[in-house]
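Take a look at the letters that make up each chain.
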Amino acid sequence: MKNLTILALLFVALFSSCNNDDDGNASDCQEGCLEFNIDGSLFRTELGVGVINNIVGATSVTLGNFNNPSLSEIGILSIAIGPSFTLEETTYMIDEDCNTSNTLCIALAYGDVDPSDPTSTVSYSSDPLGLNITFTEVDLVSGGIISGTFSCEVENVEDPDDRKTVTNGRFNMRLFNKVCQASYG
């Protein structure tokens, strides 16, 4: 019986210490997280912020790691919600003209930044290529949470022939009215 107890404890210790994140890409997207694979390379921030603004009935939500100027990569997910559009916990395919006021417009921006030479930054955007997004939580108030998943294709803003595929995108952020209110860590 004593050997069985020791064996059971060893079994529990061995398997409770295993990490399911063996491939380095699967992870738990906690509050403050924005992550995606861009042509197979993982972009991830756990210190992202979400800023919500209401202007003349329209709502603008910006999610990303734009609050840290020393980073070598920047990822921003911008969501514009028209005054007569209700954002729900569902899937949307953004592939229409986002210049109308009564619609949902979403774009992903990504940049490779060289802090020592900001002029060498390479920027990519999903606009006008479209984006698939699923919202799993939507609470569009200061202090609320917005979370979900997305995928898209992005193109170099200076060279439309330079395109990258974005997969396994996830976000989970608390919203604030001002960037200075947002802090994690």
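Source: prediction; values computed, not measured.

Draft legend 1. Representation of the overall build of the protein in the model. Across its full length, the protein holds 1 helix and 11 strands. Order of helices (α) and strands (β) in the protein, N terminus to C terminus: α-β-β-β-β-β-β-β-β-β-β-β. Per-residue burial over the protein gives 34% buried out of 185 residues. Summed over all atoms, the accessible surface of the protein reaches about 10500 Å², with 51% contributed by carbon and sulfur.

Draft legend 2. Fine view of the packing of aromatic side chains. Within this structure, the stated rule accounts for 9 aromatic pairs. Measuring from ring centre to ring centre gives 5.9 Å for F36 and Y110, while their planes differ by 80°; the resulting arrangement is edge-to-face. With F36 in strand β1 (residues 33-38) and Y110 in strand β7 (residues 104-112), this pair connects stretches of sequence that are 74 residues apart. Assigned by exposure class, F36 and Y110 land together as buried. Ring plane angle 75° and centroid distance 5.9 Å describe the contact between F135 and F171, whose orientation is recorded as edge-to-face.

Draft legend 3. Representation of the state of the cysteines in the model. For the structure on display, the rule yields 1 disulfide. Each sulfur in the disulfide pair C29 and C33 lies 2.2 Å from the other. Across the S-S bond linking C29 and C33, the dihedral sits near -105°, which makes this disulfide left-handed. Looking at C29, the relative accessible area reads 10%, which means it is buried. Among the residues examined, C33 registers a relative accessible area of 1% and is labelled buried.

Draft legend 4. Summary view of the environment of D139. Looking at the element boundaries, D139 is found in the loop between β9 (131-138) and β10 (145-156). When the C-alpha atoms of D139 and L87 are compared, they prove to be 9.4 Å apart, with 52 residues separating the residues in sequence. With sequence-adjacent residues up to four places away left out, D139 is seen in contact with G144, I145 and L175.

Draft legend 5. Geometry of the pairing of strand β11 (residues 159-176). Examined bridge by bridge, β1 and β11 share 5 bridges and lie antiparallel to one another. Residue pairing for β11: E35 is matched across the bridge by R170. Of the strand pairs in this sheet, strand β3 (residues 49-55) and β11 are connected by 2 bridges, and their pairing is parallel. Following the sheet pairing, G50 is matched in β11 by L175. In terms of strand pairing, β10 meets β11 through 11 bridges, oriented antiparallel.

What counts and how
Residues numbered from 1 in each chain as written. Predicted model: local features only at pLDDT ≥ 70, side-chain atom pairs only at ≥ 80, totals over all residues. Heavy atoms only, no water. Helix = DSSP H or I, 4+ residues; strand = E, 2+ residues; numbered from the N terminus. Buried < 20%, exposed > 50% of the residue type's maximum accessible area, 1.4 Å probe, protein only. Areas by Shrake-Rupley, 256 points an atom, 1.4 Å probe, with all protein chains shown as cover. Phe/Tyr/Trp six-rings, centres within 6.5 Å; stacked < 30°, edge-to-face > 60°. Disulfide = S-S within 2.5 Å. Contact = heavy atoms within 4.5 Å. Pairing = 2+ DSSP bridges.

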